[in-house]
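Listed below are the residues making up each chain.
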Amino acid sequence: MNQLLVNAAWKKVSRIRRIFLITLILITTVVACLFMSNILPHKGSTGLEVAMVLVFGALFAWISIGFWIATAGFVTLMRRYDRFAITSTFLESNHQGELSGRTAILIPICNEEVERVFTRLRITYQSLEATGRLQDFDFFILSDSTNPDTWVEEEAAWAELCQTLGAVNQIFYRHRRVNLKYKSGNIADFCRRWGKNYYYMIVFDADSMMTGHSLIRMVQVMEQNQTVGILQTAPLGVNRESAIARVQQFANHVYGPIFGAGLNFIQLGDSFFWGHNAIIRVAPFMKHCSLPRLSGNPPLGGNILSHDFVEAALMRRAGWEVWLAYDIEGSYEEMPPTLLEELKRDRRWCQGNIQHTRLLFSKGLFPAHRALFLHGAMAYVSALLWFLFLSLSTAEAIAEVLRVPDYFPVMRSLFPMWPVWHPQWALTLLASTGIILFMPKFLSLLLIIFRQRRSREFGGIRKLFLSVIAEIILSFLFAPIRMLFHSKFVFITLIGRQVGWASQQRSEHETSWLEAIRFHGPGMILGLIWGIVLFFINRSFFWWNTPIIVPLILSIPLSVLSSSTSLGKVFQKIGLFLIPEEINPPRELHLLQTMTQNQETFFAPISISTKEGFRRAVVDPNINALHRSLLGKKRNLMPSIMKRRQELLEKALTQGPKTLSPKEKKELLLDPQCLLQLHERLWETLDHTIAQKWGFPPKRTSL
Amino acid sequence: MPPLDSFGADNPTVQSERKPDLVSPDWQETFHRVLLYLQTLNVPEGKALEFTREALRLASSNQRDTAGSPSILEAMRALRELLTKHLSLLRKESCSQKDVFLHENLNGLSSMPPLNRGFMVPDAIDLIPWRTFLVRFVKRAVTIVSQPLNFLILFIFLILLFVLLTLWK
């Protein structure tokens, strides 16, 4: 009953809060636009200036959303009481109570680094085991891997994990032959096959990790709130060594909490689903969250790429609540190790978020979710708007120099009209924009130092303060580079070019100079040309734009240096960008650090790397039998397919594995008969050259 | 199941049968290949040697009609027969934590639970909402304007707007 009352209350409160937020955003934006129009040479009276003010208004409104949300979060955390925090309903006394049903932990993967994925899974399993509630959970590794070597490596890792943990029939592995609808299709495939066995499912990403206590807590919160369909946690970035990733994970730790609390303040039960580190009630998800295929061709049509936002909207449309449990600890993820990896991920997200605009006016969706669709699209469109604003202001600056001033624009005027520029107004506007952008960071700092008294967890007040200053400088430097790439992504999406769904490279690696030149070269040239033109035509405007031009020109070295793990280690050594998990690591993260050495192991006694899955599946009798077993029932094939596979088998036997393409390897791996034949004939071969090509030791002549 | 000792490794008859080929390179090669196979299965060294000798003995007896040492082909086939026969023993004796899988028998390890089929059909969702929104908007506007009183109000409003705009100029 109390729960129902709370539910009724949050809906009313959310309406008031949202109206309040919109009012604040509108007021700040209108004031900023008035300032902007006044500092322009013609007071916003020309077409160009009107366009500039409009674009500026949209951008200012965008940044003020973040400011007001952070302010709301700051107030909530300062009060140390959030009446509507979903976790406030959690009762410690019920911790050991019976659960309504079992929970499946889903780990969808696609060509990921197998060792890291399985190490995280092992730690999560052991952490859950330590809570004594392991019997309520099952683990599912849902693989969409297309790389034949990775596929076999996953199978071998799964079998080994089950045996070493004694987790037979508790950790499952499924490989899809066709990765229809990518991750969302993979989850839907699980739901169709085994969803009815489970009451809840917790979705992980390949780089996710959660502690056993956080998993139990999520289930308990769901148990106590029967109207909640999705409960999202706020994962913290950990475990990175590269400079840029360390900066990101530091920002995530310092600024994340106030944004999380602020988002919850505004959204309440109409919150996000970020696609991972979240718990979902399976039955309503299966009933309402199946994704349709959008009409037309990609990028704006076809399969929905950013499925999570749409699933949250559909869940809410069906009457189930979606909450952000921003204060559940023990939920982790990893940041992209380099700027280029981050941008590659952003390109995919950009397409997915812009695709959401197609659903903006779909019937039945809640206004909050329509706003989230718009917000998601604006995350990238704002970059294009910024680029447009810079282009317009450059055009205006050049026009002002080249155009002959008209001192008598009004007919029959006795006095000339001098173009007047108010630098103090421009500075006021600049300062207020700075406050809007940087105040959330300052508020976070205040909260950590004075209210939470957690500065020691970040290396002390001095180091925390210096880290925030350094983070501001670095984010200042990276902002124009990100803006240029995001503008390009939006533009590419709008002209109809789509992106694939390649898996991210999540392990630490550094950007090479060549790669950086290839990616950042055009941006650097653009920055150079822009800078030179402004320098010679309108020097005062050039100086105003140096914070944007200089990072663009330096984008290549910035990208390379920021990917450096040694620079990251230097930061760590001098105490910059420290996070609590580094100073006092939880047991799970400590284990992950020690276990993930990423050393390539070799399968003894034959020298085949564990990463060479295909060769192992052919040579190693264990892996061969395991793989054939996991392929399932024997299928009747068309004679043409059988003939083709037989030819491939002969090719493999006569020329060795290196002559086979990944597609050919995959075809052989799909056929249990072929694979058995290949295995047997290889072990029976007398040809030592071929045997060595497959990894057999050289011929021995004595015992 | 016969114990491994009964394979005949210590049987003098078998040894005498193999004696002439013991040092031949072909025999050694076959021996090494069979032993390597067993090592990949993590069979302990002692047992691996016993299996190897037995496989070679079986292979020799299979090709009794042909002279010389057993071929790799025959030996490997004989070994596979032996392994199938003694799989449970192998599993018990395996020297690592890893299980021994042969012939798609995963020793109770199941990659997936039994199927329990459910449905996931997309709820009705408007796939061209922009157009639907416009059509809905126009239809609603037409319904409102088609009522005489509303039409009159709109007409007066438009006239006033026109007058205002003219005066503004």
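Conventions and cut-offs
- Each chain carries its own residue numbering, running from 1 in the direction its sequence is written.
- Chain letters start at A and ligand numbers start at 1, both assigned in the order the entries are written.
- Residues qualify for local features only when their pLDDT is at least 70, as the model is predicted, and side-chain atom pairs are given and counted only at 80 or more; totals for whole chains, interfaces and linings, by contrast, use all residues.
- Values reported for side chains reflect all heavy atoms of the structure, with hydrogen atoms and water molecules removed beforehand.
- Buried residues are those whose accessible area, probed at 1.4 Å on protein chains only, stays under 20% of the maximum for their type, while exposed residues exceed 50% and partly exposed ones sit between those limits.
- Only DSSP runs of H or I with at least four residues qualify as helices, and only runs of E with at least two residues qualify as strands; both kinds are numbered from the N terminus onward.
- For two strands to be treated as a pair, DSSP must find at least two bridges joining them.
- Any helix carries an expected span of 1.5 Å times its number of residues minus one.
- Here, residues are in contact when the closest pair of their heavy atoms is within 4.5 Å.
- A quick way to say it: buried area is the sum, across both parts, of accessible area lost when two parts are put together, with a 1.4 Å probe.
- Any Lys or Arg side-chain nitrogen located within 4 Å of an Asp or Glu carboxyl oxygen qualifies as a salt bridge.
- Counted as a polar contact is a pair of N or O atoms within 3.5 Å, where, for protein atoms, one must be capable of donating a hydrogen and the other of accepting one, and residues adjacent in sequence contribute only when both atoms are in side chains.
- In this count, Pro and Cys sit with the nonpolar residues alongside Ala, Val, Leu, Ile, Met, Phe, Trp and Tyr, while Asp, Glu, Lys and Arg are called charged and the others, Gly among them, polar.
- Each patch is built from salt-bridge-free residues with over 30% relative accessible area, joining like charges within 9 Å and nonpolar side chains (Val, Leu, Ile, Met, Phe, Trp, Tyr) within 5 Å.
- All accessibility values rest on the Shrake-Rupley procedure with a 1.4 Å probe; residue burial counts only the protein chains present in the view.
- Note on aromatic contacts: the rings of Phe and Tyr and the six-membered ring of Trp form a pair at centre separations within 6.5 Å, being stacked when their planes are under 30 degrees apart, edge-to-face when over 60 apart, and tilted otherwise.
- Residues enter a nonpolar core if they are buried and are Ala, Val, Leu, Ile, Met, Phe, Trp, Tyr or Cys, with the set joined through side-chain atoms within 4.5 Å.

Hey, could you go over the pairing of strand β2 (residues 137-143) of chain A for me, with residue numbers and the actual values?
Residues and elements named next belong to chain A. A large share of β2 lies buried, amounting to seven of its seven residues. Residue alternation in β2 divides its side chains into two sets, F137, F139, I141 and S143 and D138, F140 and L142, and both sets are buried. Summarising the sheet, strand β1 (residues 103-109) and β2 pair through seven bridges and their orientation is parallel. Bridging from a neighbouring strand, I105 pairs with F139 of β2.

Residue-level account of helix α5 (residues 182-194) of chain A, with values.
All names here are of chain A. With 13 residues, α5 should reach 18 Å at 1.5 Å per residue; the first-to-last C-alpha distance of 18 Å fits that figure. Extensive coverage of α5 is indicated by the burial of eleven of its 13 residues. Of the surrounding elements, those touching the buried residues of α5 are β1, β2, β3 (171-175), β4 (200-203), α9 (282-288) and α10 (307-317).

So what about the interface of chain B and chain A? Which residues, and what values?
Across the boundary between the two partners, chain B contributes 51 residues, which contact 66 residues of chain A. Counting the surface lost from both chain B and chain A, the interface buries some 5,400 Å², and carbon and sulfur atoms represent 59% of this. Taken together, the links from chain B to chain A amount to three salt bridges. Salt-bridge contacts for E684 of chain A lead to R77 of chain B; the nearest nitrogen and oxygen are separated by 3.6 Å. The interface formed by chain B and chain A includes 14 residue pairs in polar contact (both at pLDDT 80 or more). Per element, the largest residue contribution to the side of chain B that touches chain A is ten residues, and it comes from helix α2 (residues 25-40) of chain B. Of the residues contributing to the side of chain B that touches chain A, the split by class is 28 nonpolar, twelve polar and eleven charged.

Tell me about the pairing of β4 of chain A, residues and numbers included.
Residues and elements named next belong to chain A. Every second residue of β4 is oriented toward a common face, with Y200 and I202 on one face and M201 and V203 on the other, all of them buried. In this sheet, strand β8 (residues 278-281) lies alongside β4 in antiparallel orientation, the contact comprising four bridges. By the bridge assignment for β8, Y200 is matched with R281.

Account for a nonpolar patch on the surface, with residues named and values stated.
A contiguous nonpolar patch, built from L149, F151, L152, I153, F155, I156, I159, L160, F162, V163 and L167 of chain B and spanning about 1,200 Å² of accessible area, is present on the exposed surface. Of note, I156 of chain B is situated in helix α7 (residues 148-168).

Before we move on, can you summarise the packing of aromatic side chains with the specific residues and values?
The geometry of an aromatic ring pair is captured by two quantities: the separation of the ring centres and the angle between the planes. All names here are of chain A. Counted by the stated rule, this structure contains 27 aromatic pairs over all chains. Centroid distance W10 to W323: 5.6 Å. Interplanar angle 75°. Geometry classified as edge-to-face. Remark: W323 occurs in strand β9 (residues 321-325) and W10 occurs in helix α1 (residues 2-39); sequence separation between them is 313 residues. Neither W10 nor W323 differs from the other in exposure class; each is buried. Consider the rings of F67 and W68, whose centres lie 4.8 Å apart with planes at 75°: the pair is edge-to-face.

Explain the sheet that holds strand β5 (residues 209-210) of chain A to me, using residue names and the numbers behind them.
Residue and element names in this part refer to chain A. One open sheet accounts for three strands, arranged β5-β10-β7; its pairing is mixed. On the outer flanks of this sheet lie β5 and β7 (236-237), each paired with one strand and no other. The sheet contact formed by β5 and strand β10 (residues 331-333) spans two bridges and is antiparallel. Paired with M210 across the two strands is S331, which belongs to β10.

I'd like to hear about the nonpolar core, residue by residue, with values.
One broad rule of soluble globular proteins: the nonpolar side chains tend to lie buried together. Residues and elements named next belong to chain A. Judged by nonpolar contacts, the single largest core of 98 residues is most densely connected at W158, I171, I202, L231 and W694. The element contributing the most residues to this core is helix α4 (residues 148-165), with nine residues. Each residue touching L231, except ones within four places of it in the same chain, is listed here: I86, M218, V221, M222, A278, I279, W323, A325 and I328. Among the nonpolar cores identified, the runner-up in size contains 75 residues, and L40, L59, Y198 and C289 belong to it.

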